[in-house]
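Observations on chain architecture
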Amino acid sequence: KEIKINAGRHIIKENFVIPSGYKLYVNGGAVIELKNNSKILSRSPMFFMGNKNNPIVIQSRNFDNQGILVINAHEESEFNYVNFYGMSNPSGGLLGITGAITFYQSNVRFLNCKFNGSQSEDALNIVRSEFFINGSFFENNQYDAFDGDFVQGIISNTKFFNNGNDAIDISGGVVTINDVTINKSRDKGISIGEKSQVDIRHTTVIGSRIALASKDMSDVSLSNIKISDCKYGLIVFQKKSEFGASYILANNINVNNVERPYLVQKGSQLILDGENIKFKVNNLQNIINRNETNWNN
């Protein structure tokens, strides 16, 4: 019950389905191309073990694919030196799957991986799982780069460049973010919501519309953060009626060339270097919706 894919070129033209109870091993130097609207669907763990000199490539040059979906795997998967290019999300009967690469109730580690040119709502979506991302790179993805829903995990030593929406989007998660660089995310560098608890350290956000948003009863701790060339810096608010106010505790924040460094909705709280930031607005939702000319101080 072990499936092995060796180095060399492999073309998948039909859905590649792995049932529960198996293990998939892929060796360095393998190039896997998904064509003809095919996908990889697994209920078992995957071990893609590339290395610096022999990475693994998973690609779809014409975007005619439905990505990779792992559901209820019984063991943690690992991807090491894997480059993903041109992935898209499943369609048809798999409603609600927004990630080009999706792990649902399946723990996973991504080490030294690249996610490039995703056409889906999320380049990587992890749901109700534990994860570890280190030494990786998300670039030129059409919408969100990483989306974690009800997860526990760590993102470290990772870069996000030129992604079309949010670089990191956490909902209902307990996550540590350390030594991360985000450059040119068109909406938010980091979005945190739905009662998440997130600790962010030694992180830089450049050229995003919003550097970091804490919303809907989320509790965020920041230290040694650099924010530059953004329209908004730190914003704290309630978005959904079923939740409540949010909180940020921030220390050693370096802000440069930011139009509005801090926005706090009444009821929420931002503590910056021990000081309660007083700049509050009645309704931040207009900013989130990009209706930036109609909100009240």
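A few points on the structure. (Residues numbered from 1 in each chain as written. Predicted model: local features only at pLDDT ≥ 70, side-chain atom pairs only at ≥ 80, totals over all residues. Heavy atoms only, no water.)

**Here we look at the layout of surface pockets**
Applied cut-off: Site definitions follow a grid-based scheme: protein atoms alone, a 1 Å grid, a 1.4 Å probe that fits but cannot get out for cavities, and for pockets an open set with protein on both sides within 12 Å along at least five of seven lines, plus lining residues having an atom within 4 Å of a point. Grid points are joined across faces, edges and corners, and a volume is the space filled by probe spheres set on the points. Put simply, DSSP H or I for four residues or longer makes a helix, DSSP E for two residues or longer makes a strand, and each gets a number counted from the N terminus. Residue classes follow a fixed rule: Ala, Val, Leu, Ile, Met, Phe, Trp, Tyr, Cys and Pro count as nonpolar, while Asp, Glu, Lys and Arg count as charged, and any other residue, Gly among them, counts as polar.
Considered as a void within the structure, the largest pocket measures approximately 230 Å³ in volume. For the largest pocket, the lining is made up of 16 residues, of which Asp 169, Ser 171, Ser 191, Lys 215 and Lys 239 are closest to its centre. The dominant element in the lining of the largest pocket, judged by the number of residues it contributes, is strand 18 (residues 144-149), at three residues. In the lining of the largest pocket, the residues fall into two nonpolar, three polar and 11 charged.

**Things to note about the nonpolar core**
Put simply, the rule is: Remark: nonpolar core denotes a set of buried residues (Ala, Val, Leu, Ile, Met, Phe, Trp, Tyr, Cys) joined through side-chain atoms within 4.5 Å. Burial classification: accessible surface area is computed with a 1.4 Å probe over protein chains only, and a residue below 20% of its type maximum counts as buried, one above 50% as exposed, and the rest as partly exposed. Between two residues, a contact is recorded if the distance between any of their heavy atoms is within 4.5 Å.
Counting 67 residues, the largest nonpolar core has Phe 110, Phe 146 and Ile 168 as the members making the most contacts within it. With residues up to four places along the chain from it excluded, the contact list for Phe 146 reads Leu 124, Ile 126, Phe 131, Ile 133, Phe 138, Ile 155, Phe 160, Ala 167, Ile 168, Asp 169 and Ile 170. Listed in part, the seven residues of the second largest apolar core include Ile 210, Ala 213, Tyr 232 and Leu 263.

**What about the packing of aromatic side chains?**
Put simply, the test is: The pairing test for Phe, Tyr and Trp rings, Trp by its six-membered ring, is centres within 6.5 Å, and the orientation test on the planes gives stacked under 30 degrees, edge-to-face over 60, and tilted for anything in between.
The full count for this structure, using the stated rule, is 12 aromatic pairs. Here the aromatic rings of Phe 115 and Phe 138 are separated by 4.5 Å at their centres, their planes lie at 10°, and the arrangement is stacked. In this pair, Phe 115 is assigned in strand 14 (residues 114-116) and Phe 138 in strand 17 (residues 137-139), connecting sequence segments 23 residues apart. Residue Phe 115 is classed as buried on the basis of its relative accessible area, which comes to 2%. For the ring pair Phe 131 and Phe 146, a centre distance of 5.2 Å and an interplane angle of 50° mean the geometry is tilted. Of this pair, Phe 131 sits in strand 16 (residues 130-134) while Phe 146 sits in strand 18, placing them 15 residues apart in sequence.

**Description of the side chain of Ser 218**
Along the polypeptide, Ser 218 turns up in the loop between strand 24 (210-215) and strand 25 (219-228). The class of Ser 218 is buried, set by a relative accessible area of 2%. The residues contacting Ser 218, other than those within four sequence positions of it, are Ile 192, Gly 193, Glu 194, Lys 195, Ser 196, Ala 245, Ser 246 and Tyr 247.

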